[in-house]
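# Structural overview
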Amino acid sequence: MKVPLLSAMVFWAFAILAMASAVFVAFSRNIVHAAFALLGCFFGVAGLYLFLSADFVGIIQVMVYVGGVLILFLFAVMLTGKIRNPEKSNPSRAIPGGLVTMLVTLGLFGYLAFTTPWQVLPTVPTGPTTSQIGDALLGPYILPFEVASVLLLAALLGGVLLAGGVRGRSRLTGNEQDEAPRDSGGNT
Amino acid sequence: MDRWDGGDMKELAEWVIRDLFSKNPDTWQYTWAIYLAGMALAAVICLGFVAVFAGPVTWVERRTAGRIMSRIGPNRVGPQGVLQWLADGIKNLLKEDLIPDDADKPLFRLAPYLVFSGMFGTFVVLPFGANLIAADLDIGVLYLMAVTTLVVVGLLTAGWASNSKWALYGGIRSAAQLVSYEVPIAFALLVVVISTGSLSTQAIIKAQGGWPWQWFVAKNPFTFIAFFLLLTSAMAEGNRIPFDLPEAESELVAGYNTEYSGMRFLFFLFEEWANLWIMGAITTLCFLGGWQIPGVSPEKISASSGWTFVGWQLLSFAIFAAKVSWIVFIVIQARWTLPRLRVDQLMSTCWKYLVPMTLVCIAGVLFMDLYIVQGGITDKIIRWIMTLLGAAVIVLFFLRARYNYKMDKDKYPGLRNEKMWYPPYRMP
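Residues numbered from 1 in each chain as written. Chains lettered and ligands numbered in written order. Predicted model: local features only at pLDDT ≥ 70, side-chain atom pairs only at ≥ 80, totals over all residues. Heavy atoms only, no water.

## A look at the overall build of chain B
Using the following cut-off: In this text, helices come from DSSP runs of H or I with a minimum length of four residues, and strands from runs of E with a minimum of two, each type numbered from the N-terminal end. Per-residue accessibility, obtained with a 1.4 Å probe over protein chains only, is compared with the maximum for each type, and a residue is labelled buried under 20%, exposed over 50%, and partly exposed between these values. We call two residues contacting when some pair of their heavy atoms lies within 4.5 Å. For the area figures, the Shrake-Rupley method with a 1.4 Å probe applies, and any residue is considered shielded solely by the protein chains shown. The sign given to each residue is positive for Lys and Arg and negative for Asp and Glu; His and the chain ends receive no count. By convention, charge coordinates are those of NZ in Lys, CZ in Arg, CG in Asp, or CD in Glu.
Scanning chain B from terminus to terminus reveals 15 helices and zero strands. Of all 428 residues assigned to chain B, the portion counted as buried reaches 51%. Within chain B, contacts between residues at least 6 apart in sequence are counted, and of these 75% link residues at least 24 apart. Carbon and sulfur atoms form 68% of the exposed surface of chain B, whose accessible area is close to 19600 Å². One finds the centroid of the 35 positive side-chain charges in chain B at a distance of 11 Å from the centroid of its 32 negative side-chain charges.

Pasting the structure below:
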């Protein structure tokens, strides 16, 4: 099947962006640069989603991973001391375990890639997907959707408990609430 | 050769292929070139528009600030100083591009581009008129939310790469602020999305009408509140006073852009002022009827041809621009009227007030949509009450501004022993 030139260009641009950034993340000596390279990786993957006509998933990928996860990474990395010292930030531990993991993953993916009977489907015209996803989430998949939200609620409560433990205790013992400086900039 | 009735740049490109080259866009081998040309054209038009907006608006802002503070403001370059922005631009272009020795140089260079592309990316889905939009994405509003996250990353980058504590504080503050205020913005936009049933920006505008009582702001009390919540949160998202803690000059020198100079510094300012248009455009398209011309339906615009069509487009653009400018002017006045919040106040404003209020608005809008028939008598009464309320707010705004100007006029001679310029449009 002949792929239109523009589509091929777009695909390769996003694929190379994602792969090159991922390689940079893995091999960079500076952990802050690695975190920023993750930005390119997320955008590359989002672009591939868009390329597959999954506009909603692509945009959510950018929103959740760039807007949430990456910002949290950057926060954590930037607030860590001695971050410019690779000995501290990127310690090379557990190399044998890592090698085993790598080989197993590589073997598995390689096996999958070469044994799966890939089919070439006709090009699907890009169309609205949001309403179908909404119907599916609130229709046949309502139970997994709700279970996932319960999981998130549990995580949220755990975060509140960890961050506000002292205040919670003082309320339990009936003491006056302490006026200790609170963490006001925290994002849940 | 038939008429171009397309909605966005892609359809324009297809029209060009079909009618100017008489080819089928699906099979022609050079389709990609026309698409690329269309994209480049849209980008150039938007970039030119941003530049022509962000420049003069700096002058408007500084003159307004001057008037509010009873001083003159820039009035030397050109008549009344209208060319001040060009002078500033040339000055910044000619300045030396300084990079601190200890800065993380690649990231320091990268940060302004990230901030700028995050800002500029929103123009893809912001409409300018009835058929004037770069791409009418089906997920337009979500795209708006997603692409602005790049600005956060850029500000954090700038803060960290400068290797200065002021810049780092500014960057971290701005990230905390932008990530927090994204929540009320998303909820306020959800109110609009619920009322429309679509995420596309053009569909949101088409769900409203040209007259004020057909706008979403007048739809019911909850959308009315959501409009003000969206405007407030958008001001915070755009780092405007009273929410400009990331660059609070009394504490942080200049925040994330402390170490920047020359053109890179200008990019941050450019983003800030271009943000004014984005802020105004989002509130206008969501709540104030967008480009809708009173008494003319979108179908009539699409059905017209030739110069009538062009005329409708220009008129719709003029209406949209007028509404946006009005919002921009209010935001500018708010900047020079209100004091800056503290960091903890900033966070509690967001999480304790804005977020719960937007959630109430969502519940209220759902309720109203379920139980009030669109076009019914109750709906009409509610819309009229809300329109009158909105008109009352505007009248109050004018009375208040007039009162302040008169007070200025009476008190100024006693303070400075010279006459205050009055009425306000008479500038020295």
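## A few points about the packing of aromatic side chains
All names here are of chain B. Quick note on the threshold: Put simply, two rings from Phe, Tyr or Trp (the six-membered ring, in Trp's case) pair if the centres are within 6.5 Å, and we call them stacked under 30 degrees between planes, edge-to-face over 60, tilted for the rest. Over a ring means this: the NZ of a Lys or the CZ of an Arg is within 6 Å of the ring centre and within 35 degrees of the ring normal.
Enumeration over the complete set of coordinates arrives at 28 aromatic pairs over all chains. When the ring of Trp211 is compared with that of Trp213, the centres are 5.7 Å apart and the planes differ by 5 degrees; the resulting orientation is stacked. A residue is classified by how much of its surface remains accessible, and Trp213, at 29% relative accessible area, is partly exposed. Each ring, one from Phe397 and one from Phe398, has its centre 5.9 Å from the other, and the planes form 80 degrees; the classification is edge-to-face. Judged by relative accessible area, which is 27%, Phe397 ranks as partly exposed. Seen from the ring of Trp166, Lys165 lies directly overhead, with NZ or CZ sitting 5.9 Å from the centre.

## Topic: the confidence of the model for chain B
The predicted coordinates of low-pLDDT regions are not to be read in fine detail. Residue and element names in this part refer to chain B. Keep this limit in mind: Looking at any residue, its pLDDT shows the predictor's confidence there, from 0 to 100.
Chain-level statistics for chain B give a pLDDT mean of 83 and a share of 95% at 70 or above. Considering only residues more than four positions removed or in separate chains, one finds that residues 1-5, a stretch of pLDDT under 50, has 16 contacts. Model confidence for the complex is summarised by a pTM of 0.82, with the ipTM given as 0.76.

## With respect to the interface of chain B and chain A
Basically, it comes down to this: In this description, buried area is defined as the sum, over both parts, of the accessible area (probe of 1.4 Å) that is lost when the two are combined. A side-chain nitrogen of Lys or Arg and a carboxyl oxygen of Asp or Glu constitute a salt bridge if their distance falls within 4 Å. A 3.5 Å cut-off defines polar contacts: any pair of N or O atoms within that distance qualifies, except that in protein one atom must be a possible hydrogen donor and the other a possible acceptor, and neighbouring residues in sequence count only when both atoms are side-chain atoms.
Facing 33 residues of chain B, the contacting portion of chain A comprises 32 residues. For the pair chain B and chain A, the two sides together bury roughly 2800 Å², of which 79% comes from carbon and sulfur. On the surface where chain B and chain A come into contact, there are zero salt bridges. Counting every contact that joins chain B to chain A gives one residue pair in polar contact (both at pLDDT 80 or more). Listing elements by their share of the side of chain B that touches chain A, those giving two or more residues are α2 (31-68), α4 (105-121), α5 (140-147), α6 (149-161), α7 (165-196) and α14 (343-371) of chain B. Among the elements that make up the side of chain B that touches chain A, the one with the highest residue count is α6(B) (seven residues).

## Focus: the pattern of salt bridges
Residues and elements named next belong to chain B. What the rule picks out here adds up to seven salt bridges over all chains. Across the pair Asp369 and Lys219 runs a salt bridge whose closest N-O atoms are separated by 2.9 Å. With a gap of 150 residues between them, Asp369 in helix α14 and Lys219 in the loop between α8 (201-206) and α9 (221-237) connect regions that are remote in the sequence. Since its relative accessible area comes to 4%, Lys219 is described here as buried. In this structure, Asp344 engages Arg342 in a salt bridge whose closest nitrogen and oxygen atoms are separated by 2.9 Å. Residue classification places Arg342 among the partly exposed positions, given a relative accessible area of 49%. One network of salt bridges, in which partners are shared, links Glu61, Glu272 and Arg335.

## Describing the confidence of the model for chain A
Residues and elements named next belong to chain A. The predicted model of chain A has a mean per-residue pLDDT of 79, with 77% of residues at 70 or higher. Ranking the elements of chain A by mean pLDDT puts helix α8 (residues 165-172) last with 52 and helix α5 (residues 95-115) first with 90. In the model, residues 170-188 has pLDDT below 50 throughout and makes 19 contacts with residues more than four positions away in sequence or in other chains.

## Points about the state of the cysteines
Residues and elements named next belong to chain B. The condition that has to hold: Counting rule for disulfides: a pair of cysteine sulfur atoms within 2.5 Å.
Taken as a whole and assessed by the stated rule, the structure comprises zero disulfides over all chains. You can see Cys46 has no disulfide; the closest cysteine sulfur is in Cys286, sitting 18 Å from it. The exposure class assigned to Cys46 is buried, which follows from its relative accessible area of 7%. Cys361 carries a free sulfur, and the closest cysteine sulfur to it, the one in Cys286, is 14 Å from it. Of the residues examined, Cys361 reaches a relative accessible area of 2% and is grouped as buried.

## Topic: unusual backbone geometry
Located in the positive-phi region is B:Asn163, a residue other than glycine, with phi close to 60 degrees. Relative to the helices and strands, B:Asn163 resides in the loop between α6 and α7.

## Observations regarding a nonpolar patch on the surface
Residue and element names in this part refer to chain A. Quick reminder of the rule: Residues forming no salt bridge and having over 30% relative accessible area are the ones grouped into patches, like charges within 9 Å of each other and nonpolar side chains (Val, Leu, Ile, Met, Phe, Trp, Tyr) within 5 Å.
Residues Leu137, Leu138, Tyr141, Ile142, Leu143, Phe145 and Val147 make up a contiguous nonpolar surface patch of roughly 680 Å² in combined accessible area. Per-element tally for the nonpolar patch: the top contributor is helix α7 (residues 142-163), with four residues. Mapped onto the elements, Ile142 comes out in helix α7. Ile142 sits in the partly exposed class, given a relative accessible area of 35%.

## Re the side chain of B:Thr122
Residues and elements named next belong to chain B. Considering the arrangement of structural elements, one finds Thr122 in the loop between α4 and α5. Within the structure, the side chain of Thr122 is placed 2.6 Å from the backbone oxygen of Met119, a separation counted as a polar contact. Excluding residues that lie within four positions of it along the chain, Thr122 makes contacts with Tyr143, Leu144, Val147, Thr148 and Ile278.

## So, the nonpolar core
Generally speaking, nonpolar side chains in soluble globular proteins are found buried as a group. All names here are of chain B. Inclusion rule: Take the buried residues of types Ala, Val, Leu, Ile, Met, Phe, Trp, Tyr and Cys, join any two whose side-chain atoms come within 4.5 Å, and each joined set is a nonpolar core.
Formed by 123 residues in total, the largest nonpolar core has its most connected members in Phe123, Val153, Leu276, Trp277 and Phe287. Discounting chain neighbours no more than four positions away, the residues touching Trp277 are Phe49, Phe53, Phe123, Phe128, Phe320, Ala321, Val324 and Val328. Of all hydrophobic cores here, the second largest spans six residues; its members include Trp15, Ile17, Trp28 and Ile34.

## Things to note about the environment of B:Ile382
Residue and element names in this part refer to chain B. Considering the arrangement of structural elements, one finds Ile382 in helix α15 (residues 377-416). Considering only alpha carbons, one finds Ile382 and Ile372, ten residues apart in sequence, at a separation of 10.0 Å. With near-sequence residues (within four places) excluded, Ile382 lies in contact with Ala218, Lys219, Asn220, Pro221, Met368 and Ile372.

## Here we look at a positive patch on the surface
Residue and element names in this part refer to chain B. Residues Arg402, Lys406, Lys409 and Lys419 make up a contiguous surface patch of positive charge. Along the chain, the position of Arg402 falls in helix α15. For Arg402, a relative accessible area of 46% corresponds to the partly exposed category.

## What about α2(B)?
The criterion, for reference: What a helix should span is 1.5 Å times the count of its residues minus one.
Between its terminal C-alpha atoms α2(B) stretches 54 Å, which fits the 56 Å expected from 38 residues at 1.5 Å a residue. Of the residues trailing α2(B), B:Ser70 is marked for its positive phi of about 55 degrees.

## Topic: the environment of B:Met279
Residues and elements named next belong to chain B. As for its placement among the helices and strands, Met279 is situated in helix α11 (residues 262-287). Here Met279 falls in the buried class, since its relative accessible area comes to 4%. Setting aside residues no more than four positions away along its own chain, Met279 makes contact with Ala234, Met235, Gly238, Arg240 and Val331.

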